Amino acid sequence: MSDRPPILHPGRRDLIKAGLAAGATALLPWDRAHAELSQIARERTMILVWGGREGRWVDWDLWNPYSIGSNHQNGPNLIYEPLAYYSAFADKIHTWLAESYVFEPDFKRLTIKTRSGIAWSDGEPFGAEDVAYTLNTLRDLGPKVRWGVDVQQAVEKAVASDGNTVVIDFKIPAPRFFFFMTYKYDIGVYIVPKHIFEGQDWTTFKHFDLGKNWPITTGPWQVVEASPQQKVFDRRTAWWAADRKLAPLPTVERNIWLPFAGEQQAAQALITNQLDAGTGMQPATFPTVFRQNPKVITHTGQASPYGYMDWWPISLYVNNERPPFNDKDVRWALSYYIDRQQLIEVGYLGACTASKLPLPPYPPLLPYFDTVKDLLAKYDTNEFAPKKGDGLLAAKGFKKDGEGFWADAQGKRLNVNIIGFGAGGSAIGPILVEMLKRRGVEASMALPPDFDSRFQKGEFDGAIYGHGGSINEPYATMRLYQGASIAVPGAHQANFARWKNVEYDKLVDEAYVTAPDDIKKLGEIWRRAMEIWLPELPDIQLVQNYHRIPWNTTYWKNWPTEENAYVNGAHWHLTFAMVLWSLQPA
C-alpha cells in the first residue's frame, strides 16, 4: 500500500472565476489613487502593483534603504543607482556608476574608477567620495543596518584618492566584493550621497522631503508623490546614462506603484487595463485573465509555468534555536512527512519543481549539484517516507496520543505553528499543514501582516520562505547558514534558520577568500560543507520559486520574456531599472 494520501482538491479554479466575476464592477482603490495625476497620458504611464500591507504602503516616507523598516523592493531600487548591474539571465555585468575596477593579485585591494561628470539630482557631483563614505559607514555600523555585517567582515578602509578613484583595502582576501556590491536580484550595495547622509543616523533618517526634492538620485526617476495609497515617479528631463549612450532615456514618463490589495483585484485591474504589471499570481488565475484580456502575457507567454525560475528556492524553515526543532532527527522526520509532488500538483497545478538544495539549478550552479550527487542520494531531501519519520520520532521518545498526534514524554505535542506571506504562503501553506496533520504533527498556518519582522527576529516555530543566496557560485548560499549572519538586518544573506556549526562556519570563511571562478576549489569546499549540512538539514526543502508575473502589452511591449530574456523581470528587484529603459510603447 502506498504512503501517498488522496490528492487534496481545494477547487481553486472555481474560486478564482467566482472572485473575478464578483469584482468586475467594483471600484478599485487605484481608480481614485491616480485620478489627480492625469496630466500625463495613460499610454505614457506605467502602473504596477506590489507589496504594501493590507492594501497600504506603510513605508511610503522611507527612502533611505538603510533605515530600519525600509525595503529597496518598494521603490528605492529605482532611486539609488549601482556601481554595476548584473543580468543573471544574460550572465553579463554592466558597469554603471563605476567605469572600471581592478583587484590586486592577492585580492586584498580593489580600485574602482567611477564615471566622471555624473551629478546627483540636486546638482552636487557624484563621485568617489560617495562610494568611500558609503563603505566606511557600513563598516562602522556593522549589524545595525543591511549589508553592514558583510562590509565590516571585509573592509579595512575605503579612500577616495581623487574625485573618481576609490581604493578599498580589505582585512582578508575579498575576491567577490565588487560582485557583492553589484545589483542583481536583491543583492547589492546602495551608494548614498555623502553630502545628504553625513551626520545623519542611518537607522532612522528617511531621506524624504518632497519640498527639497528628496530623495535625490543619479537616475532617471524622481519621486513626485508618496502616500499610503501610491508612490509616483516621474521621468527626469535628462539622464547621464542616456547622454553617454549606455541606455536610452525611458519612454515611460511616469511610474505609479500601488500597494497590493489582493490577487482578485489585481487580476481584474489587468483585465480592464488599469494595470501594466502585477505581482506574482497563482497558476489557476492566469487562464481566466488570458481569456478576458489576451494582451496579458508572462515570461513564458500564456503557457505554463507562467513565469521563470527565481533565485529563491522555498523551504519550510524551522527555528533551530527552539526545541524540538534544534534536533536534526525532528527536522528530518518533518521532511519525510512532506509529499513534494502532491504539494506541486495541488498548490501550483503542477507548474513548479521540487527543490533539493537551497540554491536554484541555474547553469553556473550545476557543477555544484553534480559535486554532491552521491550525498543527495544518501540524504534525499525530497524523500517522502512517513515510516522513516515515524521511526525517528519514536526513537526520540515521542508517542502518539489518543487523538493520533505525536507527543513527547511529558505529553507535549509536536506542534509546528507555521507563518508565511504572499502567494507562496497561501498556495502551499494549508496543504503543508494538512500533510503534517495526517502524519500526527499538530500544525497550523497563519499569514501575519508583520511576517517580515517576526521572521527576521526569530519569532517563529516554522516559516515558509525562500533563500536569497547563490546565482553563479555557492558562497552566498553557504553564507545563509553561517553563525555570524544570524539576526543581521535585511531579508537576504541572513541566517534565518538560526543554525550554528563551528566547522561549517570555517568552510564558509574558506569559500569567501577563494576566487569565484576557481570552480574546482569551490566545489571541494562546497562538498565538505554539504557533508555537514545535509545530515543536519537546517531547513526543510520544498519547491523552487517561480516568478509568475503578469505583464499587460496594451500600452507597453518589450517585457523580458523567454525569447527576450535580457534580465529577470521582477519590479521589486534591483535590476528593474533595466526593464524600464527597455520598454517601448505598444
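Anything mentioned here points back to the structure above.
Residues numbered from 1 in each chain as written. Predicted model: local features only at pLDDT ≥ 70, side-chain atom pairs only at ≥ 80, totals over all residues. Heavy atoms only, no water.

1. Thoughts on unusual backbone geometry
Glycine aside, residues mostly have negative phi, and peptide bonds are mostly found in the trans state.
Turning to step 1, where the next piece is worked out: Here the bond from S304 into P305 is cis, since omega is 15°, no more than 30 degrees from zero.
Turning to step 2, where the next piece is worked out: Inspection of the secondary structure assignment puts P305 in the loop between β11 (296-297) and β12 (308-309).
Turning to step 3, where the next piece is worked out: Of the consecutive residues P323 and P324, the connecting peptide bond is found in the cis state with omega at 0°.
Turning to step 4, where the next piece is worked out: By secondary structure assignment, the location of P324 is in the loop between β13 (314-318) and α11 (328-336).
Turning to step 5, where the next piece is worked out: You will see that F107, though not glycine, has its phi angle at about 60°, which is positive.
Turning to step 6, where the next piece is worked out: Mapped onto the fold, F107 is located in the loop between β4 (98-103) and β5 (109-114).
Turning to step 7, where the next piece is worked out: By relative accessible area, F107 is classed as partly exposed at 25%.
Turning to step 8, where the next piece is worked out: Notably, R498 is not glycine yet its phi reads approximately 60°, a positive angle.
Turning to step 9, where the next piece is worked out: Take R498: it is sitting in the loop between α18 (475-479) and α19 (502-512).
Turning to step 10, where the next piece is worked out: Taking relative accessible area as the criterion, R498 reaches 11% and is therefore assigned buried. (Helix = DSSP H or I, 4+ residues; strand = E, 2+ residues; numbered from the N terminus. Buried < 20%, exposed > 50% of the residue type's maximum accessible area, 1.4 Å probe, protein only.)

2. Some details on the pattern of salt bridges
Any two side chains of opposite charge can pair, given that their charged atoms come close.
Turning to step 1, where the next piece is worked out: Inspection of every chain in the model, using the stated rule, returns 28 salt bridges.
Turning to step 2, where the next piece is worked out: Here D329 ties to K396 by a salt bridge, and the two come within 3.3 Å at their closest N and O atoms. Within this pair, whereas D329 is found in helix α11, its partner K396 is found in the loop between α15 (386-395) and β14 (399-400), the two being separated by 67 residues in sequence.
Turning to step 3, where the next piece is worked out: Relative accessible area serves as the criterion here: at 19%, D329 is assigned to the buried category.
Turning to step 4, where the next piece is worked out: E442 serves as the salt-bridge partner of R413, at 2.8 Å between the closest nitrogen and oxygen. Here E442 lies in strand β17 (residues 442-446) and R413 lies in the loop between β15 (406-407) and β16 (415-419), a separation of 29 residues in the sequence.
Turning to step 5, where the next piece is worked out: Judged by relative accessible area, R413 falls into the partly exposed class, the value being 22%. (Salt bridge = Lys/Arg side-chain N within 4 Å of Asp/Glu carboxyl O.)

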